[in-house]
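# Report on the structure
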Amino acid sequence: MGKSTLLSKLDFDLSTKEEFGSPIVVRVTGNSLLGLGDFADKDPAYLENYWKRIICKEINIHIGNSLNFAFTSDEISMVEISELEGMKSKNLIGGLISRIKGKLPLLSAETIGFQPESLERLLSSYLEKNSEKKVWVLVDDIDAKYIDTEDYQHRISSFFSAIRGLCHDVKNLNIRATVRSDVWTNLRHVEDLDKWDQYIINIVWTKRQMRDMLAKKILSYVKRKHPESSEAKYIFDKDYNKLIALIFLSPIRWSGKERPVFDAINAFSNHRPRSMGQLCRMAANQAHKSRCKVSLKQFNEILTKFGQNRRDDLIKEHIHQFRQLENLIDSFRAGQKEYTCSDLEIIFDTKFIKGRESCDIPDIDGKPYTAPIDLGHFMYKTGLISKLPDSKQNFTFYSDDPDLFYSQENKNNDVVWSVHPSYRNYLNIS
């Protein structure tokens, strides 16, 4: 969905735009933060304070790296809760550096790597240059390897409670973090997060935004390669049809009628910018071989490989939640594109379960398997299937209605489920 790209764009803006005032930017992944401590089987109240300490430790490590010094000792880098209490309403950088300087007389040269006096001078110089600067901590994929168990729910929800509290307690600290929509949906009942709606930006790309992204990509290429051409003077939000027509033949015959080529691009991309870029590059490479524009023919030629790539991405993202995911996806192979709940249960029973006992089926997202409906719910969660509305225009995804698959409406076979178009060619679905 572009979560990492949005953080990269923010990182770039913070580093280059004068309006932000050259802040201190700490870019880190969720896995890196988790690697700085022990989070397993801990109480939520403990975890919230522990996350605050871990975030401050990461900032201390960043300060050390800026000074070409590794703060490897927890005595230097790990802040105690009592010390955090003393920093309330104070500038974060000033508080952290003052704390480190206070620790130096208690440490030997062997512990810190060189003479404490030298490090103290470096810290004083750093503080003088950065005392009033804001700190931005950008955390990508805090939910890495998330499984929907109570332990993981406490681990991730306490992170969000911690950063809210930390940003409230100290000055000049901003934190941005990304989390998958299905994980956030699973946390919706956690009491700690009942005040978080005001801070959340849900990443949903509209059809127009996707179209504008494609038009901008084409326009930026034209400006780089042919800056003197008349096409380089196009305006993306006004001349988007002309820009798209430079590469693609439009309209096309699709779904039984003539439609703009972007309708097909948008449908196969599933409102995901990365998938759209991959799809268009693959089709353009096919067209380049024949020295022609991209038509539906080129899309059809690459849909099997594109579907395989999407399948591989899906497995990478969710395999830790269900270790037989690849075999479960294959149960749709050479089947139909639309199913009721009962149809799905039959497919899973005959093509995946194959007479095995419930205890032989792996846990699904941290919970024991009980019945085929659990497999359908997981497929809904991953996005491989979604609810097909009567209009056949807008799919319903897990983040839109997470309880739909277990609803009585679905159990009564009143919901029609559709395998997403991007997977159909690869799975040999007509």
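Quick look at the structure, then. As the structure is a computational prediction, the values presented were derived from the model and not from experiment.

## Observations concerning the overall build of the chain
Of regular secondary structure, the chain possesses 20 helices and eight strands. If you line up the chain on its principal axes, its C-alpha atoms span 75 × 70 × 35 Å. Within the chain, buried positions represent 48% of all 430 residues. The contacts of the chain with a sequence gap of at least 6 include a subset with a gap of at least 24, amounting to 67%. Of the roughly 21900 Å² of accessible surface on the chain, a fraction of 48% belongs to carbon and sulfur atoms. Computed over 62 positive and 59 negative side-chain charges, the separation of the two mean positions in the chain equals 9 Å.

## Let's talk about the sheet that holds strand S6 (residues 338–339)
Pairing within the open sheet is antiparallel, and its three strands lie in the order S6-S8-S7. At either end of the open sheet lies a strand with only one pairing partner, and these are S6 and strand S7 (385–387). The pairing of S6 with strand S8 (residues 417–419) spans two bridges and is antiparallel. Bridge pairing in S8 links Glu338 to Ser418.

## Brief notes about helix H18 (residues 372–382)
The element H18 is extensively covered by neighbouring structure, given that 11 of its 11 residues are classed as buried. Taken residue by residue, H18 has Pro372, Ile373, Asp374, Leu375, Gly376, His377, Phe378, Met379, Tyr380, Lys381 and Thr382 as its buried positions. A positive backbone phi angle near 95 degrees is found at Gly383, which sits one or two residues after H18.

## Details of the pattern of salt bridges
For the coordinates displayed, the defined rule picks out 19 salt bridges. When the shortest N-O distance is used, the salt bridge between Asp263 and Lys207 registers 2.5 Å. Of the two residues, Asp263 sits in helix H13 (residues 261–269) while Lys207 sits in helix H11 (residues 207–225), which places them 56 residues apart along the sequence. Taken together, the salt bridges that share partners define one network made up of Asp143, Arg180, Asp182 and Glu317.

## Side note on the environment of Glu345
Take Glu345: it is sitting in helix H17 (residues 341–353). The spacing of Glu345 and Gly376 is 31 residues in sequence and 7.5 Å in space, taken between C-alpha atoms. In this structure Glu345 touches Pro372 and Ile373, once residues within four positions along its chain are discounted.

## With respect to the side chain of Asp212
For Asp212, the position within the fold is in helix H11. Classification of Asp212 by relative accessible area gives buried; the value is 14%. A distance of 3.1 Å separates polar atoms of two side chains, one belonging to Asp212 and the other to Arg211.

## Here's the deal with the layout of surface pockets
In this structure, the second largest pocket occupies an estimated 700 Å³ of space. Along its surface, the second largest pocket is lined by 24 residues, and Ile218, Tyr221, Ile247, Cys280 and Ala284 are the ones closest to its centre. For the lining of the second largest pocket, the secondary structure elements donating two or more residues are H11 and helix H14 (273–290). Along the lines of polarity and charge, the residues of the lining of the second largest pocket split into 12 nonpolar, six polar and six charged.

## Comments concerning the pairing of strand S2 (residues 135–140)
Where burial is concerned, most of S2 is hidden: six out of the six residues are buried. Side-chain alternation along S2 places Val135, Val137 and Val139 on one buried face and Trp136, Leu138 and Asp140 on a second face that is also buried. Examined bridge by bridge, S2 and strand S3 (residues 173–177) share five bridges and lie parallel to one another. Bridged to Leu138 within S3 is Arg176.

Quick notes on the rules
- Residues numbered from 1 in each chain as written.
- Predicted model: local features only at pLDDT ≥ 70, side-chain atom pairs only at ≥ 80, totals over all residues.
- Heavy atoms only, no water.
- Helix = DSSP H or I, 4+ residues; strand = E, 2+ residues; numbered from the N terminus.
- Buried < 20%, exposed > 50% of the residue type's maximum accessible area, 1.4 Å probe, protein only.
- Contact = heavy atoms within 4.5 Å.
- Areas by Shrake-Rupley, 256 points an atom, 1.4 Å probe, with all protein chains shown as cover.
- Lys, Arg positive; Asp, Glu negative; His and termini not counted.
- Charge placed at Lys NZ, Arg CZ, Asp CG, Glu CD.
- Pairing = 2+ DSSP bridges.
- Salt bridge = Lys/Arg side-chain N within 4 Å of Asp/Glu carboxyl O.
- Polar contact = N/O pair within 3.5 Å; in protein donor to acceptor, adjacent residues only side chain to side chain.
- 1 Å grid on protein atoms, 1.4 Å probe; cavity = no way out; pocket = protein on both sides within 12 Å on 5 of 7 lines; lining within 4 Å.
- Points joined across faces, edges and corners; volume = space filled by probe spheres on them.
- Nonpolar A, V, L, I, M, F, W, Y, C, P; charged D, E, K, R; others polar.

As far as function goes, none of this settles anything; it's purely spatial.
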